[in-house]
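Residue-level structural notes
So you can see what is in the structure, the chains are spelled out below.
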Amino acid sequence: MMRPMKFGGEQLMFGENSLEHLKTLKGKKAYIVPADFLINSDSLNKIERYLLEAGFEVKIFDEIINPDPDFDIVKSGAKKMLEFQPDLIVTIGGGSAMDAAKSMWVLYEHPEVDTIEKFTALHNNLPKMRNKAIIAAIPTTSGTASEVSRSVVISDPKTHKKCGVSDMQLIADIVILDPEMVMSMPKSVAAFTGMDALTHAIESYVSKRANFLSDVLSEKAIEVIFENMYESYNNPNPESRGMMHLGSCIAGMAFTNVSLGIVHSISHTIGSLYGVPHGLGNAILLPYIIEFNMQDEKAKEKYESLAKKLNYTSILEEVKKLNDKMNIPKNLKEYIKNDEKFENQIDEITQMSINDGCTKTNPIIPDFDMMKKLILKAYYGGKK
């Protein structure tokens, strides 16, 4: 059985019953920001009970947090935090809930940040946090790794475009990875979030910023995810789901330090414009981008070296096999199903993908024509 462990000044707890760590926390007021599906759930009730046992007065944010949370929900949550004055914020859910909660926390600490423009201007320039509260993250999916990520993504309520803010201060103070919290994930969520985690690990492994330490984390994450993904999807049990939880977190530790690549650049764009679920977009795009990146000698060498260590023919073929077993579409067209609209927007899609912050750390930084050709290939499956 895995046992909770503590790393450095922050706390990262994992394993069966690690949720009980909440009973040991110190403070006066705890404000919980859950994903909407958790409201009135047994899991949320248990978390509230543990915090009450620890002596906290507890309040729960009860508004719906959409898959693409916008700045209006952030302002609403921050307003309620300002009224309640918590010294602990607890966020529970997937990446959307955690991004929303962290963003609320920023506005709670700094109420002067009252517009989306002021918020996005804080990218890599966040004022001092933790003047009022610390934050604990309890993920209920194994993919986003938002619990150990320095980035949040929030939508502009007017344009609906996604805006990102990154700063190391946004990494949670307390992280709890309890297999119990992911046992109820539906198969589709397990597939999409799991492929998100695998993409994090593979992209960080060949990132232009990759280093010895990030490689150690990425390699282990890739190994753990390949070994446990299909069982977690097809025959979920605490062991496979628990290992996927750890694999996702390890991948998050890697990419939050060395960034990602153009799988994410394109996935962010098509998610924004077409509502493609982020993990699904990553899963579809990943084989095309691995093949593209193989043109870079250093990336090719790393892919091949890793495949040899894992006794695989190739990383590309293993990703394709995994996608097939989980019924992931082979191209974007199968999901988007609007060729005319896509063709009309291809230049916009291309430019948005180039402008995405993840592009600059891809092994090959494509120019406009290269990116456009690559996106069309991923859309049509190379048939056009």
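As a starting point, this report considers the structure included with it. Remember, predicted model here, so these are calculated numbers, not experimental data.

Looking at the element boundaries, Lys-321 is found in helix α11 (residues 315–325). Within the structure, the side chain of Lys-321 is placed 3.3 Å from the side chain of Glu-318, a separation counted as a polar contact.

Attention now moves to the packing of aromatic side chains. This structure, assessed with the given rule, holds seven aromatic pairs. Their ring planes at 45° and their centres at 6.1 Å tell us that Tyr-31 and Phe-84 sit as a pair that is tilted. Taken together, the residues span a long stretch of sequence, with Tyr-31 in strand β2 (residues 29–34) and Phe-84 in helix α2 (residues 71–84) at a distance of 53 residues. A ring pair is formed by Tyr-274 and Phe-342, whose centres lie 5.7 Å apart and whose planes are at 40°; its orientation type is tilted. Of this pair, Tyr-274 sits in helix α8 (residues 262–274) while Phe-342 sits in helix α13 (residues 339–355); the two residues are 68 residues apart in sequence, bridging distant segments of the chain. The residues Tyr-274 and Phe-342 share a single accessibility class, namely buried. Aromatic ring contacts, followed pair by pair, group Tyr-274, Phe-342, Tyr-379 and Tyr-380 into a single cluster. Of note, Lys-29 hangs over the ring of Phe-84, and the distance from its end group to the ring centre comes to 5.1 Å. Taking NZ or CZ as reference, Lys-325 lies 4.6 Å from the ring centre of Tyr-230, over its face.

The next point concerns the packing of helix α5 (residues 187–205) against α11. Put simply, α5 and α11 touch, their axes get as near as 12 Å, and they point 170° apart. When the axis of α5 is compared with that of α11, the two are roughly antiparallel. Contact with α5, carried on its side by Met-195, Leu-198 and Ile-202, involves Ile-315, Val-319, Leu-322 and Asn-323 of α11 and no other residues of that element. Residues belonging to the contact of α5 with α11 are distributed by class as follows: six nonpolar, one polar and no charged.

To summarise the sheet geometry, strands pair through backbone hydrogen bonds and adopt either a parallel or an antiparallel arrangement. Read from one edge of the open sheet, six strands run β1-β8-β5-β4-β2-β3, paired in parallel fashion. In this open sheet, the two strands that pair with only one neighbour each are β1 (11–14) and β3 (57–60). Across the sheet, the axes of successive neighbouring strands diverge by a mean angle of 15°, strand direction being ignored. For strand β5 (residues 134–139) and strand β8 (residues 174–177), the ladder comprises two bridges, and the chain directions are parallel.

With phi around 55°, Ala-145 is a residue other than glycine that occupies positive phi space. On the secondary structure map, Ala-145 appears in the loop between β5 and β6 (151–155). For Ala-145, a relative accessible area of 1% gives the class buried.

What counts and how
All chains use their own residue numbering, which begins from 1 and follows the written sequence. In view of the model being predicted, local features appear only for residues whose pLDDT reaches at least 70, and side-chain atom pairs are presented and counted only at 80 or more, with totals across whole chains, interfaces and linings using the full set of residues. As a convention, hydrogens and water are excluded, and side-chain values are obtained from all of the structure's heavy atoms. We count a stretch as a helix when DSSP gives it H or I for four or more residues in a row; a strand needs E for two or more, and each element gets its number in order from the N terminus. The definition of a polar contact used here is a pair of N or O atoms within 3.5 Å, where within protein one atom must be able to donate a hydrogen and the other to accept one, and adjacent residues in sequence count solely through side-chain atom pairs. The aromatic pairing rule takes the rings of Phe, Tyr and Trp, using the six-membered ring of Trp, and pairs them if the centres are within 6.5 Å, calling planes under 30 degrees apart stacked, those over 60 edge-to-face and the rest tilted. Three labels apply to residues, based on accessible area from a 1.4 Å probe with only protein chains included: buried if under 20% of the type maximum, exposed if over 50%, partly exposed otherwise in between. A ring is considered to have a charge above it if a Lys NZ or an Arg CZ atom is located within 6 Å of its centre and within 35 degrees of its normal. Here the axes come from fitting lines to C-alpha atoms, over the contacting stretch only for helices, and the angles between their N-to-C directions go from 0 to 180 degrees. Note that the term roughly parallel is reserved for angles under 35 degrees, roughly antiparallel for angles over 145, roughly perpendicular for angles of 65 to 115, and oblique for everything else. By definition in these notes, contact holds between two residues if any of their heavy atoms fall within 4.5 Å. Three categories are distinguished: nonpolar for Ala, Val, Leu, Ile, Met, Phe, Trp, Tyr, Cys and Pro, charged for Asp, Glu, Lys and Arg, and polar for the others, with Gly belonging to the last. What makes two strands pair is DSSP finding at least two bridges between them.

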